[in-house]
Amino acid sequence: MSESFQVVVDVEATALDAAGLARAVPEDAFPDAEIVAEPTVFDAGLGSGPPICPLCGETGEVQFSSYLEAVESWWDGDVVDPACVVCGQYVGLNDWDWPGSPWAVGNFGLRFWNRPRLTPAEVAAIGDRLGHRVVLVYGRG
Ligand SMILES: [Zn+2]
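Residues numbered from 1 in each chain as written. Predicted model: local features only at pLDDT ≥ 70, side-chain atom pairs only at ≥ 80, totals over all residues.

What about the nonpolar core?
Residues Val9, Ala104 and Val137 are the most contacted members of the largest nonpolar core, which totals 30 residues. The set of elements that each furnish at least two residues to this core consists of β1 (4-10), α1 (15-24), α2 (61-75), β4 (104-106), β5 (108-113), α3 (120-130) and β6 (134-140). For this core, the element with the most residues is β6, which contributes 5 residues. Here this core spans two domains, and each of domain 1 (1-48 + 100-141) and domain 2 (49-96) adds at least three residues to it. If we ignore the near neighbours within four places in the chain, the residues touching valine 9 are Phe42, Ala104, Gly106, Gly109, Val134, Val135 and Val137. (Core = buried A, V, L, I, M, F, W, Y, C linked by C-beta atoms within 7 Å. Buried ≥ 20, exposed ≤ 12 C-beta atoms within 10 Å, placed from the backbone. Helix = DSSP H or I, 4+ residues; strand = E, 2+ residues; numbered from the N terminus. Domains from an automatic or database assignment. Contact = placed C-beta atoms within 7 Å.)

Below you can see the structure in the form of structure tokens.
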């Protein structure tokens, strides 16, 4: 049986912020969370995608390929926003729409295993605590 995961990804924390956040989040605040404090591609697995351009609404496997190339660049340390293959506009890696769970890239996240789905209010509360915009990534792994 596969396990379910949810990650609340801080999409604004820099690599420098991440260590400070890891220290600032008290262990008893999220006792069942695993703290991720390094550059990470939080992918939702094969069940999610392809991404949908939030500007023109187009989607498809070519769109996904373009997105994945930009993710590879991010991983290599470059900030490259993927361009929509249809309208040509650049969309930040964390700003695409997704049919299911989004993907996200970031330097800090709280990962929960086998937990009932976090409510939007719980996700927002974590974002408030971190002081940054957060994205909820979920899937099975
Ligand atoms: Zn577009």
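After presenting the structure, the write-up continues.
Observations concerning the domain arrangement of the protein
On domain assignment, one finds that the protein holds domain 1 (1-48 + 100-141) and domain 2 (49-96). Of note, the centres of domain 1 and domain 2, computed from C-alpha atoms alone, are 21 Å apart. Per-class residue counts for the side of domain 1 that touches domain 2 are 6 nonpolar, 1 polar and no charged. (Nonpolar A, V, L, I, M, F, W, Y, C, P; charged D, E, K, R; others polar.)

Examining unusual backbone geometry
Looking along the chain, the bond that leaves glycine 49 and enters proline 50 is cis, with omega of -5 degrees. Take proline 50: it is sitting in the loop between β3 (40-42) and α2. Even without a glycine there, the phi angle at asparagine 114 is positive, about 50 degrees. Residue position: asparagine 114 is located in the loop between β5 and α3. You can call asparagine 114 exposed: it has 10 C-beta atoms within 10 Å.

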